[in-house]
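# Structural features, examined
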Amino acid sequence: MKKSYVGIILSLILSITALAGCSTASDMKLVEGKVNVITTFYPLYDFAAKIGGEHTNVLNIVPAGVEPHDWAPKSQDITNMSKAQVFIYNGIGLEGWVPDFLHSLKQENKLLIVEASQNVDLIRHEESADDDHAHDESEFDPHAWISPKQAKVYAENIYKALIQADPANEQSYTANYEKLAARLNELDRTFAEKIASTARKEIVVSHEAFGYLSRDYGLTQMAIMGLAPDAEPTAQDLKEISRFIKEHNVKTIFFEELVSDKLAKTLANDMKIETIVLNPIEGLTEQDLQSGKDYFSVMEHNLQNLLKGLQ
Ligand SMILES: [Zn+2]
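Quick summary incoming for the structure in this document. None of the values given here were measured: they were computed from a predicted structure.

Criteria and thresholds
- Residues numbered from 1 in each chain as written.
- Predicted model: local features only at pLDDT ≥ 70, side-chain atom pairs only at ≥ 80, totals over all residues.
- Heavy atoms only, no water.
- Helix = DSSP H or I, 4+ residues; strand = E, 2+ residues; numbered from the N terminus.
- Contact = heavy atoms within 4.5 Å.
- Donors = N, O, S within 2.8 Å, 3.2 Å for Na, K, Ca; no water.
- Tetrahedral: all angles 85-135°; square planar, octahedral: opposite > 155°, others 65-115°.
- Buried < 20%, exposed > 50% of the residue type's maximum accessible area, 1.4 Å probe, protein only.
- Core = buried A, V, L, I, M, F, W, Y, C linked by side-chain atoms within 4.5 Å.
- Salt bridge = Lys/Arg side-chain N within 4 Å of Asp/Glu carboxyl O.
- Pairing = 2+ DSSP bridges.
- Axes fitted to C-alpha atoms, helices over the stretch in contact; angles between N-to-C directions.
- Phe/Tyr/Trp six-rings, centres within 6.5 Å; stacked < 30°, edge-to-face > 60°.
- Lys NZ or Arg CZ within 6 Å of the ring centre and 35° of its normal.

By the secondary structure assignment, Tyr 89 is in strand S3 (residues 86–89). Setting aside chain neighbours within four positions, we find Tyr 89 in contact with Thr 40, Leu 44, Glu 95, Val 98, Leu 102, Ile 113, Val 114, Glu 115, Ala 116 and Ser 117.

This is how it looks when you write it as structure tokens:
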């Protein structure tokens, strides 16, 4: 290898600095006569909208194209959120601002609080103790939605919450939920079946977002960055990743669209291997949304890319 680790780290720091853009508050309009549902990031929005259908007004508070790890609401967002009927968040430490928000709600507030990840089979994050850059105090990996198996738990939690918030429309929510659950079951089966047949099982990814996907479908994840995209690797980490790539004859590094791909591309270039997208669905871009993408189309694309990268 010609390029030194110091060189890689320098280019990493530059790309990380470029990431620190600002996000604008989303334009939230509550609708009278509907169940107003606030979600904290895209997969929750997608599931709530699919189950809620015509009876709900689902608003995603993190703007399109922004990943949720470092996002926090402005005071106007907080005022709007507290006037809605249902508030759905991931939990497991993904949204560092949520505990303060919940604490700020007045006692008479009727907002139904839903932790969508409740009852998922959690993964303990072993490295968090010695990781200065961990994005929160949580000792668990928050990225459970990315596994269709765990996404089914999310859908069920959201379904139960909507019935609780609006029992009059239970029939409609049940019909929509059953459709969604059947699609998630199908996606789960397809992932299990297709990944079982790949030649390789090791994935090298940008940030550590694929722990649940890896555990549930028999893959081993090596992440360049930490649980949050701003948890940058040390020289020692990079050595370990390079060793992992060589040892397992890894042919592809997976990168994502909402996080700078510079690090993944620098490493891939250095190791003379390919890069391809693996989307952790922490948010869709405006363009994705306009072209009609959703959890399912992104996951199907993820599966195609995984199969390509694991040949
Ligand atoms: Zn993440």
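Once that is clear, we can look at the coordination of the zinc ion. By definition of the ideal shapes, a tetrahedral metal site with four donors has angles of 109.5 degrees and an octahedral site with six donors has angles of 90 or 180 degrees. Note on the zinc ion: its protein donors are His 69 (NE2), His 143 (NE2), His 207 (NE2) and Glu 282 (OE). The metal-donor distances range over 1.9 to 2.1 Å. Coordination at the zinc ion is tetrahedral: its four donor atoms span angles of 98 to 119 degrees at the metal. Counting residues between consecutive donors of the zinc ion along the chain gives the motif H-x73-H-x63-H-x74-E. Taken as a pair, His 69 in the loop between strand S2 (56–60) and helix H3 (75–83) and Glu 282 in the loop between strand S8 (274–277) and helix H10 (286–290) lie far apart in primary sequence, 213 residues in all. As far as burial versus exposure is concerned, His 69 and Glu 282 are alike and both buried.

What follows covers the nonpolar core. Phe 47, Ile 88, Phe 191, Ile 203, Ile 281, Tyr 295 and Leu 306 are the most contacted members of the largest nonpolar core, which totals 59 residues. With nine residues, the top contributor of residues to this core is helix H5 (residues 148–165). Residue contacts for Ile 203: discarding those within four places in its chain leaves Phe 210, Ser 214, Leu 219, Thr 220, Gln 221, Met 222, Phe 244, Phe 254, Leu 278, Leu 306 and Leu 310. Ranked by size, the runner-up nonpolar core spans 19 residues in total, among them Met 222, Ile 224, Val 250 and Ala 268.

Across all of its chains, the model carries 11 salt bridges by this definition. The salt bridge partner of Lys 50 is Asp 46, with a shortest N-O separation of 2.6 Å. With a gap of four residues between them, Lys 50 and Asp 46 both fall in helix H2 (residues 42–52), about one helical turn apart. Overall, Lys 50 belongs to the partly exposed group, its relative accessible area being 25%. Residue classification places Asp 46 among the buried residues on the basis of a relative accessible area of 5%.

Attention now goes to the sheet that holds strand S4 (residues 112–115). The sheet built from four strands is open, its strands ordered S2-S1-S3-S4 with parallel pairing. The open sheet terminates on both sides in strands that have one partner only, identified here as S2 and S4. Shown here is a sheet whose adjacent strand axes are inclined to one another by a mean of 20 degrees, direction ignored. In this structure, strand S1 (residues 35–39) lies alongside S2, joined through five bridges in parallel fashion. Residue pairing for S2: Asn 36 is matched across the bridge by Asn 57. Taken strand by strand, H5 contacts S1, S2, S3 and S4, and its axis lies near 170 degrees from that of S4.

This model, assessed by the stated rule, comprises 11 aromatic pairs. For the pair Phe 87 and Phe 101, a centre-to-centre distance of 4.9 Å together with 55 degrees between the ring planes defines the contact as tilted. You can see Phe 87 sitting in strand S3 and its partner Phe 101 sitting in helix H4 (residues 98–104), a full 14 residues away along the chain. Judged on exposure class, the residue Phe 87 and its partner Phe 101 are both buried. Between Tyr 295 and Phe 296, the aromatic rings sit 5.7 Å apart at their centres with planes inclined by 85 degrees, giving edge-to-face as the arrangement. By relative accessible area, which is 0% here, Tyr 295 ends up buried. Three or more aromatic residues link up through ring pairs in this structure, and these residues are Trp 71, Phe 87, Tyr 89, Trp 97 and Phe 101. Directly above the ring of Phe 296 sits Arg 183, whose terminal nitrogen or CZ lies 4.0 Å from the centroid.

Glancing now at the sheet that holds S8. Strand order in the open sheet formed by four strands is S6-S5-S7-S8, and the pairing between neighbours is parallel. The sheet terminates laterally at strand S6 (220–223) and S8, the two strands that pair on one side only. Averaged over all pairs of adjacent strands, the angle between strand axes in this sheet comes to 35 degrees, irrespective of strand direction. The pairing of strand S5 (residues 202–205) with S6 spans four bridges and is classified as parallel. The residue of S6 that forms the bridge with Val 204 is Met 222. Across the sheet, helix H11 (residues 295–309) touches S5, strand S7 (252–255) and S8, and the angle it forms with S7 is around 160 degrees.

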